[in-house]
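This is what each chain is made of:
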Amino acid sequence: MIHGPYQAFYIESMRFHTSSALKSLKLLQAIMTIFQEEGEVVAEYEGRFLESIHNIIHQAGCLSRYFFPSRDSKLHKERASYLRSYLEVTEESPLADRRLRDAMEHFDERLDRYLESGIVGHVLPKVVVAVYDDPEVPVHIFRGFVLDVGKFCLLNEWFEIESIIRELVRIASRLEAFANSGQVFKK
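No experiment lies behind these values; they were computed from the predicted model shown.

Draft legend 1. Region of the structure containing a negative patch on the surface. Where like charges cluster on the molecular surface, the negative patch consists of Asp108, Glu109, Asp112 and Glu116. You can see glutamate 109 is positioned in helix 5 (residues 107-116).

Draft legend 2. Region of interest: helix 2 (residues 43-67). Here helix 2 spans 37 Å end to end across 25 residues, near enough to the 36 Å set by a 1.5 Å rise per residue. Within helix 2, 18 of the 25 residues are buried, leaving the element largely enclosed by the surrounding structure.

Draft legend 3. Expanded view of the side chain of histidine 140. Residue placement: histidine 140 occurs in strand 3 (residues 139-141). Relative accessible area serves as the criterion here: at 12%, histidine 140 is assigned to the buried category. In terms of polar contacts, histidine 140 uses its side chain to reach the side chain of tyrosine 114, at 2.6 Å. Of note is the side chain of histidine 140, whose polar atom sits 2.8 Å from the backbone oxygen of valine 120. Apart from the residues lying within four places of it in its own chain, the contact partners of histidine 140 are Tyr114, Ile119, Val120, His122, Val123, Leu124 and Asn156.

Draft legend 4. Expanded view of the pairing of strand 6 (residues 157-160). The pairing of strand 5 (residues 151-154) with strand 6 spans four bridges and is antiparallel. Residue leucine 154 lies in a different strand from strand 6, and its bridge partner there is glutamate 157. Here strand 5 folds back onto strand 6 in antiparallel fashion, the turn holding two residues, of which leucine 155 has a positive phi close to 50 degrees.

Draft legend 5. Looking closely at unusual backbone geometry. Even without being a glycine, glutamate 88 presents a positive backbone phi close to 55 degrees. Looking at where glutamate 88 falls in the secondary structure, it is placed in the loop between helix 3 (74-87) and helix 4 (99-105). Phi at asparagine 156 takes a positive value of approximately 65 degrees, unusual for a residue other than glycine. Classification of asparagine 156 by relative accessible area gives partly exposed; the value is 32%.

Draft legend 6. Looking closely at the nonpolar core. In terms of nonpolar packing, the biggest core is built from 42 residues, with Phe49, Phe67, Phe152 and Ile161 touching the most fellow members. Sorting the residues of this core by element identifies helix 1 (7-38), helix 2, helix 3, helix 4, strand 5 and helix 6 (162-181) as the ones contributing at least two each. Considering each element in turn, this core owes the most residues, 10 residues, to helix 2. Ignoring any residue separated from it by four or fewer positions in sequence, one finds phenylalanine 49 in contact with Leu28, Ile31, Met32, Phe35, Val128, Phe145 and Leu147.

Draft legend 7. Structural detail: the packing of aromatic side chains. On inspection of all chains with the given rule, the structure shows four aromatic pairs. Arranged with centres 5.7 Å apart and planes meeting at 35 degrees, the rings of phenylalanine 35 and phenylalanine 49 form a pair that is tilted. In this pair, phenylalanine 35 is assigned in helix 1 and phenylalanine 49 in helix 2, connecting sequence segments 14 residues apart. As far as the burial class goes, phenylalanine 35 and phenylalanine 49 line up, both buried. Among the aromatic residues, those joined into a ring-pair cluster are Phe35, Phe49 and Phe145.

Rules of the game
Residues numbered from 1 in each chain as written. Predicted model: local features only at pLDDT ≥ 70, side-chain atom pairs only at ≥ 80, totals over all residues. Heavy atoms only, no water. Patch = residues over 30% accessible without salt bridge, like charges linked within 9 Å, V, L, I, M, F, W, Y side chains within 5 Å. Areas by Shrake-Rupley, 256 points an atom, 1.4 Å probe, with all protein chains shown as cover. Salt bridge = Lys/Arg side-chain N within 4 Å of Asp/Glu carboxyl O. Lys, Arg positive; Asp, Glu negative; His and termini not counted. Charge placed at Lys NZ, Arg CZ, Asp CG, Glu CD. Helix = DSSP H or I, 4+ residues; strand = E, 2+ residues; numbered from the N terminus. Expected span 1.5 Å × (residues − 1). Buried < 20%, exposed > 50% of the residue type's maximum accessible area, 1.4 Å probe, protein only. Polar contact = N/O pair within 3.5 Å; in protein donor to acceptor, adjacent residues only side chain to side chain. Contact = heavy atoms within 4.5 Å. Pairing = 2+ DSSP bridges. Core = buried A, V, L, I, M, F, W, Y, C linked by side-chain atoms within 4.5 Å. Phe/Tyr/Trp six-rings, centres within 6.5 Å; stacked < 30°, edge-to-face > 60°.

What is shown is where atoms sit, not what they do.
This is the structure we're talking about:
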């Protein structure tokens, strides 16, 4: 259990992450509107689009540690269980999956291993496409996003992020309700 007055520290800490992610989501939506109006991905916005996706994923990873700590400590596990209970975060939450979080946090190490064997074909440091067609020539995507399926690519590994975004928005709403009410966590 987290003592009532101390809960504000957790609420505000988590709100920092959700607020940053929601700002990036707002920018992402604005850029997607431009893409839709233009009928294509506008190269000028590709970098900002990927930066926004990157920040959303980063903030989701930071938030996930509150609910699914990486350290095997009784203190952290109890806190995580308490927060999951009051914010209704289940074990099936997309935030529980550490693959994307770890891929982002240890990108440098993964890049070393990825490049170690040598690569042949087209190298795309960053790409945003409306639809991804499997090319005949090998393609190596360092960072990319496919709009029609909502998938993020990091070193040719694909991740679905729409469920992560929905969970961030849901948790942000719950955190705002607690912050605005001035109440401690109550079921």
